[in-house]
Amino acid sequence: MDIDEEAKKVVWSLQNNKRSEEERNVFKPTGKKPLNKNVLYIFTSIVVLLVLSFLLTQFNSEEKEFCFLIDSFCYSSSEDQWLFVLYTFLNLLVIIIGFFAAYIIGKKLGTKYRL
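Residues numbered from 1 in each chain as written. Predicted model: local features only at pLDDT ≥ 70, side-chain atom pairs only at ≥ 80, totals over all residues. Heavy atoms only, no water.

A. Main features of helix α2 (residues 38-58). Under the 1.5 Å per step criterion, the end-to-end length of α2 is 30 Å for 21 residues, consistent within 8% with the ideal 30 Å. All buried positions along α2 are accounted for by L49, S53 and T57. One side of α2 holds all its buried residues, which, seen down the axis, span an arc of 65 degrees. Those residues of α2 that are exposed and angled more than 90 degrees off the buried face are Y41 and V48. (Helix = DSSP H or I, 4+ residues; strand = E, 2+ residues; numbered from the N terminus. Expected span 1.5 Å × (residues − 1). Buried < 20%, exposed > 50% of the residue type's maximum accessible area, 1.4 Å probe, protein only. Arc of directions from axis to C-beta.)

B. Representation of the packing of aromatic side chains in the model. Enumeration according to the criterion identifies four aromatic pairs in this entry. Among the aromatic residues, those joined into a ring-pair cluster are F66, Y75, F84 and Y87. (Phe/Tyr/Trp six-rings, centres within 6.5 Å; stacked < 30°, edge-to-face > 60°.)

C. Here's a closer look at the state of the cysteines. A complete count under the given rule lists one disulfide for this structure. Here C67 engages in a disulfide with C74; their sulfurs sit 1.9 Å apart. Across the disulfide from C67 to C74, rotation about the S-S bond amounts to roughly 95 degrees, and the bridge is consequently right-handed. On the accessibility criterion, C67 (26% relative accessible area) is partly exposed. (Disulfide = S-S within 2.5 Å.)

D. Spotlight on helix α3 (residues 81-112). Taking 1.5 Å of rise per residue, 32 residues should cover 46 Å, and α3 covers 47 Å from first to last C-alpha, within 8% of that figure. The inward-facing, buried residues of α3 contact α2 and β3 (65-67). (Contact = heavy atoms within 4.5 Å.)

E. Summary view of the pattern of salt bridges. Under the defined criterion, the tally for this structure stands at one salt bridge. E62 is the salt-bridge partner of K64, the closest N and O atoms lying 3.1 Å from each other. (Salt bridge = Lys/Arg side-chain N within 4 Å of Asp/Glu carboxyl O.)

Here it is in structure tokens:
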């Protein structure tokens, strides 16, 4: 704490000017853009959803028959486990995309027809 004798005012300094010019410039902007982590978040979400799909299929004790889009692409859950995991993953993905689409549509309608 330094005291200015003329003004009798206390001047507070946490560093007492002990830092060098280089240390002061550490927090100045560098001009680089920060990394976009959206791709990492999406990739992590997909991996978590795949692991969740795998775990959900492991708790299934009975055999199920599932079909991809048309009846000629039908498989058994006991014989084709990885296809059943993929089928579960796609179903979860459709549900999550449906929730996001309903949210976005509801938000746009809410702002358009605000009372």
